[in-house]
Amino acid sequence: MSSRTPSGQARTSGERAVARHGWAHALVTVLGGLLAMAVVAGLGLWAAGAADLPDGSFAPVVAATVVTAVGGTVKLTGSAGDLADTQASLTVIPLSVTLTGALVIAWAFLRPLRHRAVAGATELAGWAGRVAALWLLALIGVTLAARHTFDISLGDDTLGELGDLFGASPKVGFTTDVPLSVFVGVVWLAGVLVLALLVSRGAPLPARLLRFQASVRPAAYAMVALLLACVVIGVAIALIVAATKGHPRETFAVILLGIPNLVWPALTIGLGATWNGRVEGPFGLPMPHVLDEVLRTPDISELNLRTLAEYDGRVWWLLVVDVVLLLAAAFVMAARSPARVRAWQHAVHMAVALVLTVFMICLVGRISAHYGLSVLGIGDLGGGLGGELFLRPKLWGAVGLAVPWGLVTGFAGALLARHVRRRGEVRSDSES
């Protein structure tokens, strides 16, 4: 008759855990995330007309889009012969691609950890390390593939003839800063994995961290649900616009590449935040049209509820939508929290979580683009070849507004959820 010691059982359990999430599963996680991002980016770029770019540049553009989606840096380069010069810059994160990759990687990362209450720190670190190592190698390959140069036609008019005469046909290319892009991409992955562990109630944590899950996990889950709800609402509105006003291809390009770039800043605007921006030249914001109207001015414009309402009074519905969404998020947070958490604690948790969420939106929602052509030092030539677009938030004003919003909705959500049966709550027969 044989017996097994507790330490032997622990080793066997650990071996089974490693088998469930070894190198093969890590490879599936990494390739699944990259493939999902590449498909969404490719479809979005195709809908935007990038498939018509010259010199076989579609695949490198898709790779560059994936790199920027994880926070990498793509540098634009330009030349236009000996007598001319081009300047170009672009800073934007295609957040639809980012969100897709984050959801796929988070799901695959959590899948082998499900149905367990506790996991050792060594086990979690080993599993995350496998994913990170393969992600690092894959990211190096993608950043090296994201480089290309192609010509830009000046057209068949006088400007085109002058370009041919002076040898000033512009060329635009892009390349990646490989070390910086890989570093930021690994940091992005770490953020995704940590957030996945925080959001999922079923994901195991090391025993030393279990005391924090009552305050952190419900708030993290509520904020992720809030952001996803904004995206769902944005997609629904975009589809309605496509069905009623046409331009379906352009609309699907916005959905597949940057619908969070529109709806997440809109969430902060509904809270009362202000964004500064300007649109000049051929650049424009695809949807809604009111944004382009407000920002296409000679000077820097302010984008907030008041300025938008001057063009379209329906913008005030953003305030109503924000109230409903934040109350719903606060209710979900309170319903997922233990019964011992008091209403004022819910308010504090909601305020902290909303501050961090608004701060994140302000960081990733910035847009900046510029392109110009000059000949003999005179630029920008050709009205269609020069332009500028930028959109940036008043950061601390937006973050400051999140505090009272979080306190009020967090307290109200706790009151709404007080009749919901929660973990750690014991009711008498008369109460139930």
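Whatever comes next refers back to the structure up there.
The model shown is predicted, which means the values in this text are computed figures rather than measured ones.

Colleague: Run through the overall build of the chain, naming residues and quoting values.
Modeller: For the chain, the helix and strand inventory stands at 14 helices and nine strands. The buried share of the chain, taken over its 432 residues, is 45%. Pairs at least 24 residues apart make up 77% of the contacts formed inside the chain by residues separated by at least 6 positions. Total accessible area on the chain stands at roughly 21600 Å², and carbon and sulfur atoms take up 66% of it.

Colleague: Describe the nonpolar core, and please don't skip the residues or the numbers.
Modeller: Core analysis: the largest hydrophobic core is formed by 50 residues, its most contacted members being Met223, Leu226, Trp264, Leu303, Leu308 and Leu354. For leucine 354, the residues in contact, after removing those within four places along its chain, are Met223, Leu226, Leu326, Ala402, Trp405 and Gly406. Among the nonpolar cores identified, the runner-up in size contains 44 residues, and Ala41, Ala63, Ala106 and Leu139 belong to it.

Colleague: Could you give an account of the packing of aromatic side chains, naming the residues involved and the relevant values?
Modeller: Across all of its chains, the model carries three aromatic pairs by this definition. A centroid spacing of 5.6 Å and a plane angle of 25° characterise the contact between tryptophan 135 and tryptophan 188, whose relative ring orientation is stacked. With a gap of 53 residues between them, tryptophan 135 in helix α5 (residues 121–145) and tryptophan 188 in helix α7 (residues 178–199) connect regions that are remote in the sequence. For tryptophan 188, a relative accessible area of 15% gives the class buried. With centroids separated by 6.2 Å and ring planes inclined at 35°, the aromatic side chains of phenylalanine 359 and tryptophan 396 adopt a geometry described as tilted. Pair noted here: phenylalanine 359 is in helix α13 (residues 343–364) and tryptophan 396 is in helix α14 (residues 395–416), with a separation of 37 residues, a long-range link. Residue phenylalanine 359 is classed as partly exposed on the basis of its relative accessible area of 31%.

Colleague: An account of the pairing of strand β5 (residues 275–280) is needed here, citing residue identities and associated values.
Modeller: Judged by how many residues are buried, β5 sits mostly within the fold: five of six residues are covered. As judged from the six bridges shared by β5 and strand β9 (residues 387–393), these two strands associate in the antiparallel manner. Bridge pairing in β9 places glutamate 280 opposite glutamate 388.

Colleague: How would you explain helix α8 (residues 213–245) if you had to name every residue and give the values?
Modeller: Helix length check: α8 (33 residues) gives 47 Å between terminal C-alpha atoms against 48 Å at 1.5 Å per residue, within 8%. Positioned one or two residues after α8, glycine 246 has a phi angle of 85°, which is positive.

Colleague: Which residues make up the packing of helix α9 (residues 248–270) against helix α12 (residues 317–335), and what values go with them?
Modeller: For the pair α9 and α12, the least separation of the axes is 8 Å and the interaxial angle reads 95°. In terms of orientation, α9 and α12 fall into the roughly perpendicular class. For the pair α9 and α12, the contacting residues are Ala266, Leu267, Ile269 and Gly270 in the first and Leu318, Leu319 and Asp322 in the second. Taken together, the residues that form the contact of α9 with α12 break down as five nonpolar, one polar and one charged.

Colleague: Any chance you could break down a nonpolar patch on the surface for me, citing the residues and the numbers?
Modeller: Taken together, the side chains of Trp344, Val348, Val352, Leu356, Val403, Leu407, Val408, Phe411 and Leu415 define a hydrophobic patch exposed on the protein surface, amounting to about 810 Å² of accessible area. Elements that contribute at least two residues to the nonpolar patch include exactly α13 and α14. The dominant element in the nonpolar patch, judged by the number of residues it contributes, is α14, at five residues. Following the sequence through the fold, valine 408 ends up in helix α14. Residue valine 408 is classed as exposed on the basis of its relative accessible area of 57%.

Colleague: How would you summarise the layout of surface pockets if you had to cite specific residues and measurements?
Modeller: In this approach, a probe sized like a water molecule rolls over the atoms, and the result shows the empty space that is left. Considering only enclosed or pocket space, the second largest pocket measures out at about 1300 Å³ in volume. Taken together, 44 residues form the lining of the second largest pocket, with Gly191, Leu195, Val224, Leu227 and Met360 sitting closest to its centre. Mapped by element, the contributors of at least two residues to the lining of the second largest pocket are α4 (95–110), α7, α8 and α13. Take the lining of the second largest pocket: its biggest share by element is 12 residues, from α7. The residue makeup of the lining of the second largest pocket, split by class, is 37 nonpolar, seven polar and no charged.

Colleague: Go over the packing of α12 against α14 with me, naming the residues and quoting the values.
Modeller: Relative orientation of the contacting elements α12 and α14 amounts to 55°, with a least axis distance of 7 Å. Classed by the angle they form, the pair α12 and α14 counts as oblique. With respect to the hand of their crossing, α12 and α14 are arranged in right-handed fashion. Contacts between α12 and α14 pair Leu319, Val323, Leu326, Leu327, Ala330, Phe331 and Ala334 from the former with Trp405, Thr409, Gly410, Ala412, Gly413, Ala414 and Leu416 from the latter. Its residues assigned to classes, the contact of α12 with α14 comprises 11 nonpolar, three polar and no charged.

Colleague: With reference to specific residues and values, describe the pattern of salt bridges.
Modeller: On inspection of all chains with the given rule, the structure shows five salt bridges. Across the salt bridge formed by lysine 394 and glutamate 302, the nearest N and O atoms sit 3.0 Å from each other. On the criterion of sequence distance, the pair formed by lysine 394 in the loop between β9 and α14 and glutamate 302 in strand β6 (residues 301–303) is long-range, its members being 92 residues apart. Assessed through its relative accessible area of 37%, lysine 394 is described here as partly exposed. With a relative accessible area of 32%, glutamate 302 lands in the partly exposed category. Notably, a salt bridge pairs arginine 314 with aspartate 312, separated by 2.8 Å at the nearest N-O pair. Three or more residues joined by partner-sharing salt bridges are found here, namely Glu302, Arg306, Glu310 and Lys394.

Definitions and limits used
- Residues numbered from 1 in each chain as written.
- Predicted model: local features only at pLDDT ≥ 70, side-chain atom pairs only at ≥ 80, totals over all residues.
- Heavy atoms only, no water.
- Helix = DSSP H or I, 4+ residues; strand = E, 2+ residues; numbered from the N terminus.
- Buried < 20%, exposed > 50% of the residue type's maximum accessible area, 1.4 Å probe, protein only.
- Contact = heavy atoms within 4.5 Å.
- Areas by Shrake-Rupley, 256 points an atom, 1.4 Å probe, with all protein chains shown as cover.
- Core = buried A, V, L, I, M, F, W, Y, C linked by side-chain atoms within 4.5 Å.
- Phe/Tyr/Trp six-rings, centres within 6.5 Å; stacked < 30°, edge-to-face > 60°.
- Pairing = 2+ DSSP bridges.
- Expected span 1.5 Å × (residues − 1).
- Axes fitted to C-alpha atoms, helices over the stretch in contact; angles between N-to-C directions.
- Parallel < 35°, antiparallel > 145°, perpendicular 65-115°, else oblique.
- Nonpolar A, V, L, I, M, F, W, Y, C, P; charged D, E, K, R; others polar.
- Patch = residues over 30% accessible without salt bridge, like charges linked within 9 Å, V, L, I, M, F, W, Y side chains within 5 Å.
- Salt bridge = Lys/Arg side-chain N within 4 Å of Asp/Glu carboxyl O.
- 1 Å grid on protein atoms, 1.4 Å probe; cavity = no way out; pocket = protein on both sides within 12 Å on 5 of 7 lines; lining within 4 Å.
- Points joined across faces, edges and corners; volume = space filled by probe spheres on them.
- Left-handed = near helix turned anticlockwise from the far one by under 90°.

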